[in-house]
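Listed below are the residues making up each chain.
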Amino acid sequence: MAVPQVAVTAEPLEIEPLIALVGATGDGAVVTFAGLVRDHNQGRRVRFLEYEAYEPLAVRALERIVDEVKARWPAARVAAHHRIGRLEIGDASIVIAAASAHRADAFAACRYTIERVKQIVPVWKREHFDGGDVWLEGATADPDDDAAREKAYRIACA
Amino acid sequence: MRVTVRLFARLRDLAGAGELIRDVPAPATAQAVWSALTAEWPALREYEKTMSVAVNAEYSRMTASVEDGDEVAFLPPVSGG
């Protein structure tokens, strides 16, 4: 089966198929990012994380980010898969691969993608720590928020 | 008219269900659906300023009109990645 450019899946993530998907002969750079489940957060010892998504909208939001990358960096290609379900310490919750002719665009496209994921993709994590659990809440998702988009762009190009 | 309501993460916990069927008078907006929910579960009001709304799995606004059979989702601040 063909590897999708974006996905939300309960299966363990692999970065190699994404690299193969985005890479093209003649590219000078592929940048990859894997987000891992950390064993500590805000002073708490984390036991595991539980991710949930509004799947159809999460896929659309990821597609939107891919389109934004295409508009910002026309020579770059990016792919991103997000995992849901119970994840243990060290498991990858997201993998991203970005390819381009030059490293600057590949790094920027990859960083922009993870920043935008954190802003607009409807995924939530419940942290199970020693002594309890809590839903983590980050950004109010608004894909039309230009300030958020610009902030992601600035971080990507810093 | 009848809509399907989807709630996620802590919103789901507060209401005790992730999917609900609700009857609301037509014409209705996402706000009207939300008001019906907060009448049942006042604790949801905590999210009024920070949540997002989606209609039929597309980001929308509270002022958007909803039709019979629509799926209206209320989303607390996201924490993916």
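Residues numbered from 1 in each chain as written. Chains lettered and ligands numbered in written order. Predicted model: local features only at pLDDT ≥ 70, side-chain atom pairs only at ≥ 80, totals over all residues.

1. Notes on the sheet that holds strand β2 (residues 19-23) of chain B
Residue and element names in this part refer to chain B. Basically, it comes down to this: Two strands pair if DSSP finds at least two bridges between them. For the purposes of this entry, the term helix denotes a DSSP run of H or I that reaches at least four residues, the term strand denotes a run of E that reaches at least two, and both are numbered from the N terminus. Where helices are involved, their axes are fitted lines through C-alpha atoms of the stretch in contact, as for all axes, and angles between N-to-C directions lie from 0 to 180°.
Reading across from one edge, β2-β1-β7-β4-β5 is the order of the 5 strands in this open sheet, with mixed pairing throughout. Only two strands of the sheet have a single neighbouring strand rather than two, namely β2 and β5 (58-60). Averaged over all neighbouring strand pairs, the angle between strand axes comes to 30°, with direction disregarded. Relative to β2, strand β1 (residues 2-7) runs antiparallel, the two being bridged by 5 bridges.

2. As for helix α4 (residues 146-156) of chain A
All names here are of chain A. Basically, it comes down to this: Whether a residue is buried, exposed or partly exposed follows from its count of other C-beta atoms within 10 Å of its own C-beta, namely 20 or more, 12 or fewer, or something in between, respectively; the C-beta atoms are built from the backbone. Think of it as the arc spanned by the lines of direction from the helix axis to the C-beta atoms. Here, residue contact means that the backbone-derived C-beta atoms of the two residues sit within 7 Å.
Taken as a whole, α4 has its buried residues at R149, A152 and A156. Take α4 and look down its axis: the buried residues cluster within an arc of 60°, on one side only. Exposed positions of α4 whose direction lies more than 90 degrees from the buried face are D146, A147, E150 and R154. The inward-facing, buried residues of α4 contact α3 (103-120).

3. Some points on the confidence of the model for chain B
We apply this condition: For every residue, the predictor states its confidence as a pLDDT score lying anywhere from 0 to 100.
Overall, the predicted model of chain B reaches an average pLDDT of 97, with 100% of residues at or above 70. With pTM at 0.97, the complex prediction returns an ipTM value of 0.97.

4. Digging into helix α2 (residues 30-40) of chain B
Within α2(B), burial applies to B:A30, B:V33, B:W34 and B:L37. In a view along the axis of α2(B), the buried residues occupy a sector of 100°, so they form one face of it.

5. Here's the deal with the nonpolar core
All names here are of chain A. For clarity, the cut-off: We define the nonpolar core as any set of buried residues of the types Ala, Val, Leu, Ile, Met, Phe, Trp, Tyr and Cys, connected via C-beta atoms lying within 7 Å of each other.
Within the largest apolar cluster, 68 residues are counted, with the highest numbers of intra-cluster contacts made by V78, A98 and A109. Looking at which element gives the most residues to this core, the answer is α3, with 8 residues. When residues no more than four places from it in sequence are discounted, the contact partners of A109 are V69, W73, A76, V78, A98 and S100.

6. A short note on unusual backbone geometry
Look at the link from B:A26 to B:P27: it is a cis peptide, with omega at -5°. Position of B:P27 relative to the elements: it lies in the loop between β2 and β3 (28-29). One non-glycine residue with positive phi stands out, namely A:Q42, at about 50°. Mapping A:Q42 onto the fold places it in the loop between β3 (40-41) and β4 (44-53).

7. Here's the deal with the interface of chain A and chain B
The test is simple: Put simply, Ala, Val, Leu, Ile, Met, Phe, Trp, Tyr, Cys and Pro go in the nonpolar bin, Asp, Glu, Lys and Arg in the charged bin, and everything else, Gly too, in the polar bin.
Chain A puts 26 residues into the contact, and the matching count from chain B is 18 residues. Every element with two or more residues in the side of chain A that touches chain B is listed here: α2 (55-72), β7 (92-100), α3 and β8 (123-129) of chain A. Its residues placed into classes, the side of chain A that touches chain B shows 15 nonpolar, 5 polar and 6 charged.

8. Some points on the sheet that holds β7(A)
Residue and element names in this part refer to chain A. Taken together, 4 strands build an open sheet; the order of strands is β1-β5-β7-β2 and the sheet is mixed. At either end of the open sheet lies a strand with only one pairing partner, and these are β1 (6-9) and β2 (29-36). Ignoring which end each strand starts from, the neighbouring axes of this sheet average 10° apart. Across 8 bridges, β2 lies against β7 in antiparallel orientation.

9. Comments concerning the packing of α3(A) against α4(A)
Residue and element names in this part refer to chain A. Counted only if it meets this: Put simply, a crossing is left-handed when the front helix is turned counterclockwise from the back one by less than a right angle, and right-handed when it is turned clockwise.
At a closest axis distance of 8 Å, the pairing of α3 and α4 adopts a crossing angle of 145°. The element α3 and its partner α4 pack so that their crossing is right-handed. For the pair α3 and α4, the contacting residues are A108, R111, Y112, E115, R116 and Q119 in the first and A148, A152, Y153, I155 and A156 in the second.

10. Quick look at the packing of α2(A) against α3(A)
Residues and elements named next belong to chain A. The N-to-C vectors of α2 and α3 enclose an angle of 145°; their axes lie 10 Å apart at closest approach. Regarding α2 and α3, the two cross each other, and that crossing is right-handed. Every residue of α3 that contacts α2 at A61, I65, E68, V69 and R72 is listed here: A109, Y112, T113, R116, V117 and I120. Partitioning the contact of α2 with α3 into residue classes produces 7 nonpolar, 1 polar and 3 charged.

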